[in-house]
Amino acid sequence: MAVDLDTIWKGDLLNRKADGQLLYDFLVRRHAERRAASIPGAYVVNLNASWGHGKSFFMERLAAQMRAEGHLTAFVNAWRDDSTKEPVVAVMAAIEECLSPHFTKHDAIRKSWDATKAHGATIVASLLKGASRRLAEKYAGQAIDEIENLLETDTFVPDQIEDFLDGNNAAVSEAVATEVTTLLTKFIDRKIADYKARIDSAAQFQNRLKSILSNLESRSEATLPLFVLIDELDRCRPTYAIEMLEQVKHLFDIDNTIFLIATDGDQLSHSIKAVYGEGFDGSGYLLRFFHRHYRFERRDLGAFSDYLFALNEIDQSKLATPLETSPSAIFVGAMISYDVTLRDAEQIFDILRSCVTMWSYPIPIQLNIILPLIIHHHRRQFADMGAYMDSRQRANTPKSPWNVNAQYLDGGRMRKGDVGVQNLNDSVLKKLSNTIVSSLNSTTNDYKSSYVSSIFGQELQVLHKSRHHGDGPKSVILEYPDLVQSVGRLAAPADDGGLETVG
């Protein structure tokens, strides 16, 4: 039965289906090559992409495609599971979930998995930090208590015992010194025994899981390799992320198994430095865990803009654009003209979304006017955001022409072609020092004046019911700087580490 990729990849606004098919084909073929060459162990690939590239969408859809192709596929959300002390538990739980449909058919497979888990439990027990106090009540005296506490700490160094004894001759009798030697010997013996048990259990764990996979393949109930997809690792506690990579490398180095681990490599490298020190080569450290790295192609900005508007379900009824252009087209034009990076575009969009949330007037925000203001705020170009309203500010000028292709009425004639958005904006900005009534009375018959009239005319009609006292009110566009500055203080998590969030 053919796999329905269109259904699996529905909603793929960034065209990740092509990446998924390429990566799937490569992994399956590389597995076949390694198997034919009798190369042992797991194959580990890193999907390296920064926040906003759709890693989680990609990983979830690729896992669905792998399952549809008949593969055993385990999915680990590392961010959700990093409250557990040991990553091995999260990976084992994901593998058990993909094996469980076969337990009801084959009791032998269930029993074999139970035995595999038993060895896994031994490994977990040996990895857990901290041990219960031993012999605590067997010997009296504060000296023994303090020495035993040293033996049970992760930072225990044998020299500490000597330092303690040298400084406490009066408190430590010959009998206590003898007991210290006994405790030290037992401590070392216990560590050696734990190490041997862990090594033996790891070997048993790997052998039993290999046997289960071979059994299912021989029954034609599963297609190898077993895929284990690990998502959101860069969002986890640094120590948890490191332990996950270490345990995948050593414990799950199992034949016919492929790991695909999604990370933001730069962010994870910084997390590793936070643990080992700023001078530590975090990027070099990561290289030892992966056979290959895969990066998405640079995204088409238009598709990315559509993705942002669809993902965040922004209320577009609160946004107005000139000459019936789409909000996405205006957003893309602004990002290109102001030379905004994709990462910054994500954060600028988040500020825009917050502005829409907080906009309380029954008329829409002029998207093309507020976007440059948000960009300047994000770049911290003005201490006083009101300076944006001064069109003489050079910082207001885009790096390249900001045009939209539109059909418009100009001097009574219908025209079609590129229109300079910044020219339209300047036409509005120059009128903001006047009241909306005087601005309406001073327009001409060209398309820029028509645009200004449409904005101020809507304000006068909707906000003021076409009535006014004296010279009348000024435009609410003057409130944009305060709005942007206020909501800009509500920084999204992406500003502090790239957390992918829709909230």
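Keep in mind the model is a prediction, meaning the values are calculated, not measured.

This paragraph deals with the overall build of the protein chain. When helices and strands are counted, the protein chain shows 20 helices and 9 strands. Looking at the protein chain residue by residue over its 503 residues, the buried ones come to 48%. Look at the contacts in the protein chain between residues 6 or more apart in sequence, and 75% of them connect residues 24 or more apart. If you sum the accessible surface of the protein chain, you get close to 24,900 Å²; carbon and sulfur atoms cover 49% of it.

Bringing the sheet that holds strand β5 (residues 292–294) into the picture now. Read from one edge to the other, the open sheet built from 5 strands follows the order β2-β3-β4-β1-β5, with strand pairing classed as parallel. A single partner strand is all that each edge strand has here, and the edge strands are β2 (71–77) and β5. The mean angle between the axes of side-by-side strands here comes to 20°, regardless of whether they run parallel or antiparallel. Bridging between β2 and strand β3 (residues 223–231) involves 6 bridges; their strand directions are parallel. Considered in β3, the bridge of H71 is made with T223. Across the sheet, helix α3 (residues 55–68) is in contact with β1 (43–48), β2, β3 and β4 (257–263); its angle to β2 comes to roughly 155°.

Attention now goes to the pattern of salt bridges. As enumerated under the stated definition, the model contains 8 salt bridges in all. With its nearest N and O atoms 3.9 Å apart, the salt bridge here joins R61 to E60. Between E232 and R235 there is a salt bridge whose closest N-O contact spans 3.3 Å. Both residues of the pair, E232 and R235, belong to the buried class.

Describing two packed helices takes the angle between their axes plus the distance from one axis to the other. Running from N to C, helix α13 (residues 301–312) and helix α15 (residues 342–358) point in directions that differ by 35°, and their axes come no closer than 11 Å. Crossing handedness for the pair α13 and α15: right-handed. For the pair formed by α13 and α15, the contact residues are L301, F304, L308, F309 and N312 on the first element and L342, A345, E346, F349 and R353 on the second. Tallied by class, the residues present in the contact of α13 with α15 amount to 7 nonpolar, 1 polar and 2 charged.

Of note, H102 is situated in the loop between α5 (87–99) and α6 (107–127). Side chain to side chain, H102 and E221 meet in a polar contact 3.1 Å long. Among residues more than four places away in sequence, those in contact with H102 are L72, L216 and E221.

Two measures describe an aromatic ring pair: the distance that separates the ring centres and the angle between the ring planes. Here the structure, examined in full by the defined rule, presents 17 aromatic pairs. Their ring planes at 75° and their centres at 5.6 Å tell us that W359 and Y480 sit as a pair that is edge-to-face. Residue W359 is found in the loop between α15 and β7 (365–366), and its partner Y480 is found in helix α20 (residues 480–487); the two are separated by 121 residues along the sequence. Taking the relative accessible area as the measure of exposure, Y480 reaches 1% and is therefore buried. Cluster of aromatic residues (ring-pair linked, three or more members): W9, F57, F58, Y294 and F296.

What follows concerns the packing of helix α10 (residues 238–250) against helix α11 (residues 265–276). Packing of α10 against α11 brings their axes to within 9 Å, and their N-to-C directions diverge by 105°. In terms of orientation, α10 and α11 fall into the roughly perpendicular class. Between α10, through P238, T239, A241, I242 and L245, and α11, the contact on the second element is made entirely by L268, S271, I272, V275 and Y276. The class makeup of the residues in the contact of α10 with α11 is 8 nonpolar, 2 polar and no charged.

Here T257 lies in strand β4. Engagement of the side chain of T257 in a polar contact is seen with the backbone oxygen of I254, the distance being 3.3 Å. Those residues in contact with T257, other than ones at most four positions away along the chain, are A42, Y43, L213, P225, L226 and V228.

The first and last C-alpha atoms of α11 sit 16 Å apart over 12 residues, in line with the 16 Å expected at 1.5 Å per residue. Here α11 has its buried residues at G265, L268, S269, S271 and I272. Looking down the long axis of α11, one finds its buried residues gathered within 160° of arc, a one-sided arrangement. Exposed positions of α11 whose direction lies more than 90 degrees from the buried face are D266 and A274. Taken together, the buried residues of α11 touch β1, α10, β4 and α12 (282–287).

Okay, the environment of N207 next. Within the secondary structure layout, N207 lies in helix α9 (residues 174–218). Residue class for N207 comes out partly exposed when judged on its relative accessible area of 43%.

Attention now goes to the pairing of strand β9 (residues 413–420). Of the strand pairs in this sheet, strand β8 (residues 403–410) and β9 are connected by 8 bridges, and their pairing is antiparallel. Within β9, the position partnered with N403 by the bridge is G420. Between β8 and β9, which pair antiparallel in sequence order, lie 2 residues; one of them, G411, sits at a positive phi of approximately 60°.

A few words on the pairing of β1. Judged by how many residues are buried, β1 sits mostly within the fold: 6 of 6 residues are covered. Going residue by residue along β1, you find Y43, V45 and L47 tucked away on one face and V44, N46 and N48 tucked away on the opposite face as well. As defined by bridge partners, β1 adjoins β4 across 6 bridges and the pair is classed as parallel. Residue L47 lies in a different strand from β4, and its bridge partner there is A262. One ladder, built from 3 bridges, connects β1 with β5; its direction is parallel. Along β5, the bridge assignment pairs V45 with R292.

On to the confidence of the model for the protein chain. Per-residue pLDDT for the protein chain has a mean of 79; in total, 77% of the residues score no lower than 70. Long-range and interchain partners of residues 129–143, a stretch whose pLDDT sits below 50, account for 19 contacts in this model, where long-range means more than four residues apart. Counting interchain partners and residues more than four positions distant, the pLDDT-below-50 stretch residues 494–503 has 26 contacts.

How each quantity is defined
- Residues numbered from 1 in each chain as written.
- Predicted model: local features only at pLDDT ≥ 70, side-chain atom pairs only at ≥ 80, totals over all residues.
- Heavy atoms only, no water.
- Helix = DSSP H or I, 4+ residues; strand = E, 2+ residues; numbered from the N terminus.
- Buried < 20%, exposed > 50% of the residue type's maximum accessible area, 1.4 Å probe, protein only.
- Contact = heavy atoms within 4.5 Å.
- Areas by Shrake-Rupley, 256 points an atom, 1.4 Å probe, with all protein chains shown as cover.
- Pairing = 2+ DSSP bridges.
- Axes fitted to C-alpha atoms, helices over the stretch in contact; angles between N-to-C directions.
- Salt bridge = Lys/Arg side-chain N within 4 Å of Asp/Glu carboxyl O.
- Left-handed = near helix turned anticlockwise from the far one by under 90°.
- Nonpolar A, V, L, I, M, F, W, Y, C, P; charged D, E, K, R; others polar.
- Polar contact = N/O pair within 3.5 Å; in protein donor to acceptor, adjacent residues only side chain to side chain.
- Phe/Tyr/Trp six-rings, centres within 6.5 Å; stacked < 30°, edge-to-face > 60°.
- Parallel < 35°, antiparallel > 145°, perpendicular 65-115°, else oblique.
- Expected span 1.5 Å × (residues − 1).
- Arc of directions from axis to C-beta.
- pLDDT = per-residue confidence, 0-100.

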